[in-house]
Amino acid sequence: MCGMTGWISYQRDLRRHRETMTAMNETMACRGPDDTGLWAAEHVLLAHRRLSIIDLEGGRQPMVADHQTETEAVIVYTGEVYNFRELRADLQGRGHRFRTDSDTEVVLRSYLEWGESFAERLNGMYAFAIWDARSEELLLVRDRMGVKPLYYYPTDDGVLFGSEPKAILAHPDVEAVVDAGGLREIFSVVKTPEHAVFQGMYEVRPGTMVRVSRGGLRKMRYWQLEARQHTDDLDTTIRTVRELLEDIVERQMFADVPVGTLLSGGLDSSAITALAARTLAQQGVGDPLRTYSIDFLGHDQRFEANIQWEDPDTPFAIEVAEHVGAEHINVVLDNRDLLNPDVRRAALRAQDLPVSTGDMEYSLYLLCRALREHVKVALSGEASDELFGGYTWYHDQEAVDSDTFPWHTPFRKGGGIGALKDVGLWDRLNLAEYIEQRYREALAEVPRPDGETGLEARMRELNYLNLTRWENFLLDRKDRISMAVGLEVRVPFCDHRLVEYVFNTPWWMKSFDGREKSLLRAAMRGVLPESVLERKKSPYPSTQDVKYELALREKFAALLADDAPVLQLVPAEGIRKLLDAPVGAYRVGGLWTARAVPERLIEFNTWATEYGVRVDV
């Protein structure tokens, strides 16, 4: 999976600045614990931290392509290209000779063969930088769905870039400054494309290339969602979804290291797990697939159903594992695990921002850490809900009719918005106007086929908003948390072929049986137990232990110290008002609950302190 960083300066001899690049690269040691590399020329420094997944010996980076002793191009790369074997065969037929068995060299050679159009040929999750030594230009490329992160910081004479903001912030010329726009992005949860929160920093938009030259910076979209007529009937559509998923999972099981799955017992992760187990069986692999889930000590006794969680995950995860013959590991956590200061700091450090959704970040970190003891790669079910219509807001008429981001409807009805108002942030940051502006921008992008109206048109809008905004929030969280422990997470539902096909499938097909994710449910019939096929959508689990809430209140009350940085943002009386809520008010976690705001303010305070962030409101 790896981490990468670099510095382009057309007015300096960067060969004298290797120490700076080494320091930037070391910030991402967790992303690549297996190897490190640096390449230098007069105007460029490229550095890489490697997590070895394919061609463990030969895939070292930065990787150089030479022609008659002259350097043509150099690449630093993170991610996986799943069709690299087909591309390699094509390139060999065109005269290219390979020195390694890695997908990295295939990407580099693809650029030399096809130029900028090469990105359209790649199937995978990736972010990479190619220095073209012939033209002295840098090309930054990010995958279509934004699975892998990539940030850049334009300078007066070039650019700094990195897999994560922390690499760029390690440069001595960059200060960690967050203005009012950055704070709005943090607290509004809209995930605006290209917005990196830190002043002067940008995120490469998914499906985009950024070319840097002496003449400046140029951005090019090589992929985006398009509206197409769906001509398949329902039976053909169900069969096509099944066939696509079988091919996708088979491709994504390829690795030179052990592969497992994240298995919650929900439809999405269970589907991926069942197809992964079938792939291993067809390949004659003797060892069973390893699957992993999360649970909380005593959760089965204290669990209470609500609008989001109808039942606990663990019994379903165990049932699926037994059904497919997997070796299942249930990682059970208690409050000490979730409140451990080292765990909380590690999760915050991984994300670079206080974007906490509560205990979910910490349990996810601990789950990934447990996986990393046995596997280096895990398949996960992200993007299925966005793609197939699994969330409650797809089926809640108020959310469908609401003229805003659909995930903000429960936020407005629940305790989240009330808590933001109680501490004064809603009005101080003018979040209502900011959310409205970002919503209008997103809505204007939606591709629309001729003649589509009414419910079908509105559901296409919701599908687009979820795939291009909400999903990027979740993908970023999963990548950063998993890579904090050196675990590569692959997301089969983000394959662009599946995304393009299902995005253009009419809503009546996606909900043909009156339930959420009708297409996926039908495609998996005969593969999964009926109990899982009929189970209601359940989000990632969150502890309901009131003792966790009490410990959280203590941490929140500690913010009232005179020198707490968060008091520059919210008044002490706002914090006291939230503390006055009765015990039990913060028992249930999640992004839209009353607990979310205290969690985020605690994280904000730690972030401002340990990152040395200057908040410029």
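What counts and what doesn't
- Residues numbered from 1 in each chain as written.
- Predicted model: local features only at pLDDT ≥ 70, side-chain atom pairs only at ≥ 80, totals over all residues.
- Heavy atoms only, no water.
- Pairing = 2+ DSSP bridges.
- Helix = DSSP H or I, 4+ residues; strand = E, 2+ residues; numbered from the N terminus.
- Axes fitted to C-alpha atoms, helices over the stretch in contact; angles between N-to-C directions.
- Parallel < 35°, antiparallel > 145°, perpendicular 65-115°, else oblique.
- Contact = heavy atoms within 4.5 Å.
- Nonpolar A, V, L, I, M, F, W, Y, C, P; charged D, E, K, R; others polar.
- 1 Å grid on protein atoms, 1.4 Å probe; cavity = no way out; pocket = protein on both sides within 12 Å on 5 of 7 lines; lining within 4 Å.
- Points joined across faces, edges and corners; volume = space filled by probe spheres on them.
- Expected span 1.5 Å × (residues − 1).
- Buried < 20%, exposed > 50% of the residue type's maximum accessible area, 1.4 Å probe, protein only.

**Quick notes on the sheet that holds strand β2 (residues 35-41)**
Ordered in space as β2-β3-β1-β9-β8-β11, the six strands form an open sheet in which the pairing is antiparallel. The open sheet has two edge strands, β2 and β11 (202-203), and neither has a second partner. Bridge analysis of β2 against strand β3 (residues 44-50) gives seven bridges, and the strand direction is antiparallel. If you follow G37 over to β3, its bridge partner there is H48.

**Structural notes on the packing of helix α5 (residues 180-188) against helix α18 (residues 431-445)**
Viewed as axis vectors pointing N to C, α5 and α18 meet at an angle of 80°, and their least axial separation amounts to 10 Å. Our classification of the angle between α5 and α18 gives roughly perpendicular. Where α5 abuts α18, its residues G181, R184, E185, F187 and S188 lie against L431, Y434 and I435. Among the residues making up the contact of α5 with α18, the classes are represented as four nonpolar, two polar and two charged.

**Section: empty space enclosed by the protein**
Tallying each qualifying case throughout the model produces nine cavities of 30 Å³ or more. Looking at the largest cavity, it is lined by 18 residues, and the ones nearest its centre are K191, V197, L353, V355 and D476. Split into classes, the residues belonging to the lining of the largest cavity amount to 10 nonpolar, two polar and six charged.

**A word on helix α3 (residues 103-114)**
Its 12 residues place the ends of α3 16 Å apart at the C-alpha level, agreeing with the 16 Å of an ideal helix rising 1.5 Å per residue. Within α3, 11 of the 12 residues are buried, which leaves it mostly tucked inside the rest of the structure. By the burial criterion, the buried members of α3 are D103, T104, E105, V106, V107, L108, R109, S110, Y111, L112 and W114. Buried residues belonging to α3 abut β4 (63-67), β5 (70-81), α2 (84-93), β6 (124-132), β7 (137-142) and β12 (208-213).

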